[in-house]
Amino acid sequence: MLNPKTKHFEFGGVWGAITITLGLGFLIDWLYFGCDAESCTFPWTKQDLLDVWPKFRKGSLISWQAFYAYTYWLLGLLLTDRYISGTKVKGTKLRDGSHLDYEFNGRKVVVLLLATLGFRFWQSDGKMPELVFVYEHYLELANVAILYSLVISTWLYINSFTSLNGKERMLALGGNTGIPIYDWFIGRELNPRIGQLDIKTFLEMRPGLLLYVVINLAMMHHQWLEYGFVTDSMILVNLFQNWYVIEGIWFEQGIVSMIDITYDGLGYMLVFGDIALVPFTYTVQSRYLASHPKTLGWLASAAILLVYFTGLAIFRLSNNEKAKFKSGDPSTQRLEYIETPTGSKLLTSGWWGVARHINYTGDWIMAIAYSLPCGMALIPYYYVFFFAGLLIHREGRDEAKCAAKYGQTWTEYKKRVPYRFIPYIW
Ligand code: NDP
């Protein structure tokens, strides 16, 4: 049977799906109102909350201007997807034995975007009206992105019931309960496509991630226009986060084996995460620094760089080691592993012998380095806590997936590599 009914609920089931949908949408607006040019503190007291209300009424929540701008952004990126050639990659084996073909042109798109921004900077004498627009219409753009997430995921849900070339579509194992709100949230279809366009990889890698870079640049640009200088803290945040995104897109072929692509359906959870949550909450640090400039000095900068490079080394070296091992690279021949019944091998030495998700630990250490340039302000640390929750939850899901896939061999693997994230502690 191609599409068995889902019996196991994740993310707190139906109520979890409803709460997360409402809660995370609210979070974006709340972070915006909690941290603006005047102040940046969570509204704790009743008076603080009352103070938010006038700001809420004053701020334009959504506008046609933002809607058009965001729509042009999406259409422009769709055109680059359609007309710029890329590297052809074969996807991992799906459960019906087939493979999907992908074409990744991220490097060219990144170069095109950066060259366009550089050209516009030169052409407009540094005024960059498009970056000013992003800064001034941030909240409206965020709410348009939320609206798009709702519309896209509803279309995906309805479309998943239609046939594809006369055949049943392949659904995600976790998104076929028959309960509309839950399946809409988790995602029913595994890899929806329109012609050559792979909607999931497009949403994962383009509109949200590239907007993340553009927003960071818009915040740096605003600081420069407003104060006439750019602080070291702003430069560090831009360098750290933009590097993370650009490097991710540069090596984007790696995502074909990620759980998001091979296991999760494409529903509100992923669509919203990709196009709304990432660009409009992960940029909280640069948004804070845009109107609360902070100079760190050499010593503090060096300390933050040390934290960052520690995280980056763990993250990059561990992920590279696994990728090389899986591709049979000779440099990984000395590593120890367990052979599983499916034929794939689980590393038990090197980085993957230290902890079962040491790569997540590295990623999280980098998250701390992204927030440290903001000093003692609380809201920019939202990302550290949110990301910890995301990674812990993700690790639990990955464990469940691997336990089901590898059975007894996974139990054996856990005995050999007993720690999840931090050796001897957790
Ligand atoms: P991983 O790269 O850790 O991949 C997990 C998979 O790797 C498992 O399902 C299993 O797949 C395989 N695996 C697990 N242990 C071993 C082992 N010992 N030896 C060989 N293979 C093993 O997870 P993700 O795909 O979730 O994340 C990739 C990166 O992306 C991470 O560094 C993460 O931090 C980052 N990330 C960042 C996010 C963000 O918002 N910034 C969000 C999500 C992820 P199988 O055996 O089936 O091949």
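Before any of the text, the structure's been laid out above.
Residues numbered from 1 in each chain as written. Predicted model: local features only at pLDDT ≥ 70, side-chain atom pairs only at ≥ 80, totals over all residues. Heavy atoms only, no water.

*Asks:* What exactly am I supposed to notice about the pairing of strand 2 (residues 101-104) here?
*Replies:* In strand 2, alternate side chains face the same way, and those of Y102 and F104 are buried while those of D101 and E103 on the opposite face are not. Pairing between strand 1 (residues 87-90) and strand 2: 4 bridges, direction antiparallel. Across the sheet, residue T87 finds its bridge partner in strand 2, namely F104. (Buried < 20%, exposed > 50% of the residue type's maximum accessible area, 1.4 Å probe, protein only. Helix = DSSP H or I, 4+ residues; strand = E, 2+ residues; numbered from the N terminus. Pairing = 2+ DSSP bridges.)

*Asks:* Got a minute to help me understand empty space enclosed by the protein in this structure?
*Replies:* Which parts of space are left empty comes out when a probe the size of a water molecule is rolled across the atoms. Considering all chains together, one arrives at 2 cavities of 30 Å³ or more under this definition. There is about 50 Å³ of room inside the largest cavity. Contributing to the lining of the largest cavity are G91, T92, L94, L100, Y102, N191, V256, I261 and T262. Within this model, the second largest cavity holds a volume of roughly 30 Å³. E10, A172, G174, G175, I186, Y263, D264, G265 and R397 are the residues that line the second largest cavity. In terms of residue class, the lining of the second largest cavity is made up of 3 nonpolar, 3 polar and 3 charged. (1 Å grid on protein atoms, 1.4 Å probe; cavity = no way out; pocket = protein on both sides within 12 Å on 5 of 7 lines; lining within 4 Å. Points joined across faces, edges and corners; volume = space filled by probe spheres on them. Nonpolar A, V, L, I, M, F, W, Y, C, P; charged D, E, K, R; others polar.)

*Asks:* How should I be thinking about a nonpolar patch on the surface in this particular structure?
*Replies:* Taken together, the side chains of L61, I62, L147, L150 and V151 present a nonpolar region at the surface, about 380 Å² in accessible area. Its place among the elements puts L147 in helix 6 (residues 138-159). (Patch = residues over 30% accessible without salt bridge, like charges linked within 9 Å, V, L, I, M, F, W, Y side chains within 5 Å. Areas by Shrake-Rupley, 256 points an atom, 1.4 Å probe, with all protein chains shown as cover. Salt bridge = Lys/Arg side-chain N within 4 Å of Asp/Glu carboxyl O.)

*Asks:* Could you clarify how one ought to interpret the state of the cysteines in this entry?
*Replies:* What makes a disulfide is a covalent bond joining the sulfur atoms belonging to two cysteines. One pass over the structure, following the stated rule, counts 1 disulfide. In this model, C35 is linked to C40 through a disulfide, with the two sulfur atoms separated by 2.1 Å. An S-S torsion of about -100° defines the bridge between C35 and C40 as left-handed. In this pair, the class of C35 matches that of C40, namely buried. Looking at C374, it has no disulfide partner, and the nearest cysteine sulfur is the one in C40, 8.1 Å off. A residue is classified by how much of its surface remains accessible, and C374, at 1% relative accessible area, is buried. (Disulfide = S-S within 2.5 Å.)

Function cannot be inferred from these measures alone, as they are strictly geometric.
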